[in-house]
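Residue-level structural notes
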There are 2 protein chains.
Amino acid sequence: MAHLDALERAESIAEIGASLQATLGSLGFDTYSYVHVRPPLGKRIRSFVPPSSQDGRVVHEFLATFPDAWVEHYILQGYGDVDPTFQAAMGTILPFSWRDLGGRNDLSSGQRRVFDEARDFGLSMGATIPIHGPESGLSTLNVSASGGHEKEFEENYQAGRQDLLWVAVQTHEAFLRLSEDAPEQGRVRLTDRERDCLLWTARGKTAWEVGQILAISEETVLFHLKNGTRKLGVFSKHHAVVKAVMQGHIIP
Amino acid sequence: MAHLDALERAESIAEIGASLQATLGSLGFDTYSYVHVRPPLGKRIRSFVPPSSQDGRVVHEFLATFPDAWVEHYILQGYGDVDPTFQAAMGTILPFSWRDLGGRNDLSSGQRRVFDEARDFGLSMGATIPIHGPESGLSTLNVSASGGHEKEFEENYQAGRQDLLWVAVQTHEAFLRLSEDAPEQGRVRLTDRERDCLLWTARGKTAWEVGQILAISEETVLFHLKNGTRKLGVFSKHHAVVKAVMQGHIIP
DNA sequence: ACGGCATCCCCCCATTTCTGGGGGGATGTT
DNA sequence: AACATCCCCCCAGAAATGGGGGGATGCCGT
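Residues numbered from 1 in each chain as written. Chains lettered and ligands numbered in written order. Predicted model: local features only at pLDDT ≥ 70, side-chain atom pairs only at ≥ 80, totals over all residues. Heavy atoms only, no water.

Moving on, we come to the overall build of chain A. In terms of helices and strands, chain A carries 11 helices and 5 strands. Looking at chain A residue by residue over its 252 residues, the buried ones come to 51%. If you sum the accessible surface of chain A, you get close to 11,600 Å²; carbon and sulfur atoms cover 51% of it. (Helix = DSSP H or I, 4+ residues; strand = E, 2+ residues; numbered from the N terminus. Buried < 20%, exposed > 50% of the residue type's maximum accessible area, 1.4 Å probe, protein only. Areas by Shrake-Rupley, 256 points an atom, 1.4 Å probe, with all protein chains shown as cover.)

Okay, structure coming up:
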């Protein structure tokens, strides 16, 4: 796993790609795709602006050596919402081989089509490593081998699972580190009280109730909520509690 | 990593514990705690009840060889909401050593107290492996070594990071597999409109704004929000949006 | 073809809560 | 002394809550 150091220190998306190629190659997988889904975290807009078609949509980011034609087809068809590997990745944190998908829960016709069409592009044997990130993000690292027999691939996968997971985690971190064009302005610092108030608000309590819980007055709760909301750069408690949860300040 | 097979096949919490003890021991860590946090999916309580004991609080499930007195103290004090290792775990998917927490972002006094008191119980050197599960669940595997020097521990940790991650993931899966008394029952069915309204509310829009976005009247938005809030078993939009996010109905 | 059912849309009301400003003062720490 | 944090209070206008009342589509099974 010598290539991993490079992954940790990668300074561009391209370097991540090269590092992945080398690392995964040494594990016996010759193509891969890394998919990153990220909810677009709030811009600070007070005056109402009607959102454009794209605004607010989940962002899919690709980094892949899968056949270009397939990737293009995939995006064009909006397979991201159907892809059975993605569906499965949402439900587990363990790597899995694509072979294991057919048997367990039957695939819908749409899902089967994704698989069938992938096979036409030479992607028949593969495995997916799900990465559930903070802020409810989900990424998958998909690896595939174009040549060889299935038995060989499965042995390769079984032997390499642990390494694959580590690679996936490192990739996710490297990717996050680099794609932070809007790096959240570095997670704001909330005071203990602001956290407390947001926490209990997220748990459905009114300001008065939070006051009772924390043994302070409703006014003070409102005061802390106002400050916390402002720090988070939003304009309502609804948005503030969601953002506080997404940024990991509180666990509701 | 011979003990891992046992972890994958464990059929009781106790077996997980034994397997962890053995595996982590071989990596040089003599105590551990595994904490599984699960937001308490809905009790329907309207009348205000002071949440002195468990009500509304995140459910922490423990499996640990940490000193009993410490665990008890931890739970009693509700440290789960403050614990800096937990705060940090919420923000990353990489394992980290407790040593790295002090420097980066200064701890609040409440957080520092958790650390100081932990040290009094013999927990000074340690590392945390965060596991972000599906449905926004978070678990941490905390390992510690009571004897030895700090330098030695850090070397141990650096060398074992990859193994620790794998152990943590396997533990999480084993734990989930066994503690699946209530796997999916909480998830309600929302209509498209209810989802839409909750989504844009979670993004900080008022009911009127959501109406503009969806091209329906504010009244209708309120209507859908009322229904969605009721379906989710809560009594305010704050709680509803948080819950909708946690249950994966919407991605803000 | 019919009723039941879910979904979606609109409107009204009284009451409570939140928002976003302002003004204080009390602790601590740096 | 400056600073952050925490606590309390006031106000006016906006928004949410929790009820009620309609009607409009479809889709289902009988």
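After presenting the structure, the write-up continues.
On to the nonpolar core, then. Judged by nonpolar contacts, the single largest core of 58 residues is most densely connected at L24(A), L141(A), L24(B) and L141(B). Apart from residues lying up to four places away in sequence, L24(A) is in contact with F29(A), Y32(A), L141(A), V143(A), L164(A) and V167(A). Of all hydrophobic cores here, the second largest spans 41 residues; its members include L225(A), L232(A), L199(B) and V241(B). (Core = buried A, V, L, I, M, F, W, Y, C linked by side-chain atoms within 4.5 Å. Contact = heavy atoms within 4.5 Å.)

Attention now goes to the protein's contact with DNA strand C. Neighbouring DNA strand C are 18 residues; K226(A), K237(A), T191(B), R193(B) and S217(B) lie closest to it. Near the protein, meaning within 4 Å, the atoms of DNA strand C are sugar or phosphate in a fraction of 67%, with bases accounting for the rest. In this structure, F235(A) approaches DNA strand C through a main-chain N or O atom, which is 3.4 Å from a phosphate oxygen. S217(B) has a polar backbone atom sitting 2.7 Å from a phosphate oxygen of DNA strand C. Contributions of two or more residues to the surface near DNA strand C are made by α10 (218–231) of chain A together with α8 (192–202) and α10 (218–231) of chain B. Per-element accounting of the surface near DNA strand C gives the leading share, 4 residues, to α10(B). Tallied by class, the residues present in the surface near DNA strand C amount to 5 nonpolar, 7 polar and 6 charged. (Near = heavy atom within 4 Å. Polar contact = N/O pair within 3.5 Å; in protein donor to acceptor, adjacent residues only side chain to side chain. Nonpolar A, V, L, I, M, F, W, Y, C, P; charged D, E, K, R; others polar.)

A few words on the packing of α8(B) against helix α11 (residues 237–246) of chain B. All names here are of chain B. The contact between α8 and α11 brings their axes to 9 Å, and the two run at 105°. The angle between α8 and α11 falls in the class roughly perpendicular. Counting all contacts with α8, which are made through L198, T201 and A202, the residues of α11 involved are K237, A240, V241 and A244. Taken together, the residues of the contact of α8 with α11 sort by class into 5 nonpolar, 1 polar and 1 charged. (Axes fitted to C-alpha atoms, helices over the stretch in contact; angles between N-to-C directions. Parallel < 35°, antiparallel > 145°, perpendicular 65-115°, else oblique.)

This brings us to the protein's contact with DNA strand D. Around DNA strand D, the structure places 18 residues, and the nearest of them are T191(A), R193(A), S217(A), K226(B) and K237(B). Each atom of DNA strand D within 4 Å of the protein was assigned to sugar, phosphate or base; sugar and phosphate come to 72%. Elements represented by at least two residues in the surface near DNA strand D include exactly α8 (192–202) and α10 of chain A together with α10 of chain B. For the surface near DNA strand D, the element with the most residues is α10(A), which contributes 4 residues. Of the residues assigned to the surface near DNA strand D, the class counts are 5 nonpolar, 7 polar and 6 charged.

We now examine the packing of aromatic side chains. Going through the model one piece at a time under the given rule, you end up with 4 aromatic pairs over all chains. Note on F29(A) and F153(A): the rings are 5.6 Å apart at their centroids and 75° apart in plane angle, and the pair reads as edge-to-face. Of this pair, F29(A) sits in the loop between α2 (13–26) and β1 (31–38) while F153(A) sits in helix α7 (residues 150–178); the two residues are 124 residues apart in sequence, bridging distant segments of the chain. Relative to F121(B), the ring of W70(B) has its centre 5.4 Å away and its plane inclined at 45°; by these criteria the two rings are tilted. You can see W70(B) sitting in helix α3 (residues 68–76) and its partner F121(B) sitting in the loop between α6 (109–120) and β4 (126–132), a full 51 residues away along the chain. Judged by its relative accessible area of 30%, F121(B) is partly exposed. (Phe/Tyr/Trp six-rings, centres within 6.5 Å; stacked < 30°, edge-to-face > 60°.)

Turning our eyes to something else, we now look at the pairing of β4(B). Residue and element names in this part refer to chain B. Burial analysis of β4 places 7 of its 7 residues in the buried class, the great majority of the element. Note: strand β3 (residues 96–97) against β4, 2 bridges, orientation antiparallel. Of the residues in β4, the one forming a bridge with S97 is A127. In this structure, β4 lies alongside strand β5 (residues 138–144), joined through 7 bridges in antiparallel fashion. Looking at the pairing, I131 lines up with S139 of β5. (Pairing = 2+ DSSP bridges.)

All names here are of chain A. Phi at A215 takes a positive value of approximately 60°, unusual for a residue other than glycine. By the secondary structure assignment, A215 is in the loop between α9 (207–214) and α10. Judged by its relative accessible area of 68%, A215 is exposed.

This part covers the confidence of the model for chain A. Per-chain confidence: chain A averages 76 in pLDDT, with 75% of residues scoring 70 or above. With pLDDT under 50 throughout, residues 181–185 of chain A is counted as low confidence; its partners more than four residues away or in other chains account for 3 contacts. (pLDDT = per-residue confidence, 0-100.)

Looking now at α8(B). Turning to α8(B), its buried residues number three or more, namely E194(B), C197(B), L198(B), L199(B), W200(B), T201(B) and A202(B). For α8(B), the secondary structure elements touched by its buried residues are α11 (237–246) of chain A together with α9 (207–214), α10 and α11 of chain B. Of the residues flanking the end of α8(B), it is G204(B), one or two places downstream, whose phi is positive at about 95°.

Quick look at α10(A) now. Residue and element names in this part refer to chain A. Its 14 residues place the ends of α10 20 Å apart at the C-alpha level, agreeing with the 20 Å of an ideal helix rising 1.5 Å per residue. Restricting attention to buried positions, one finds in α10 the residues V221, H224, L225, N227, G228 and T229. Buried-residue contacts for α10 involve α8, α9 and α11. Of the residues flanking the end of α10, it is G233, one or two places downstream, whose phi is positive at about 75°. (Expected span 1.5 Å × (residues − 1).)

Take the environment of T65(A) next. Positionally, T65(A) belongs in the loop between β2 (59–64) and α3 (68–76). Ignoring sequence-local partners within four residues, the contact set of T65(A) consists of Q21(A), D30(A), T31(A) and Y32(A).

It is worth spelling out the side chain of K205(B) at this point. All names here are of chain B. One can find K205 in the loop between α8 and α9. One buried charged side chain, K205, makes no salt bridge at all; its nearest oppositely charged neighbour is E209, positioned 5.4 Å away. When neighbours within four sequence positions are excluded, K205 is seen to be in contact with W200, V210 and I213. (Lys, Arg positive; Asp, Glu negative; His and termini not counted. Salt bridge = Lys/Arg side-chain N within 4 Å of Asp/Glu carboxyl O.)

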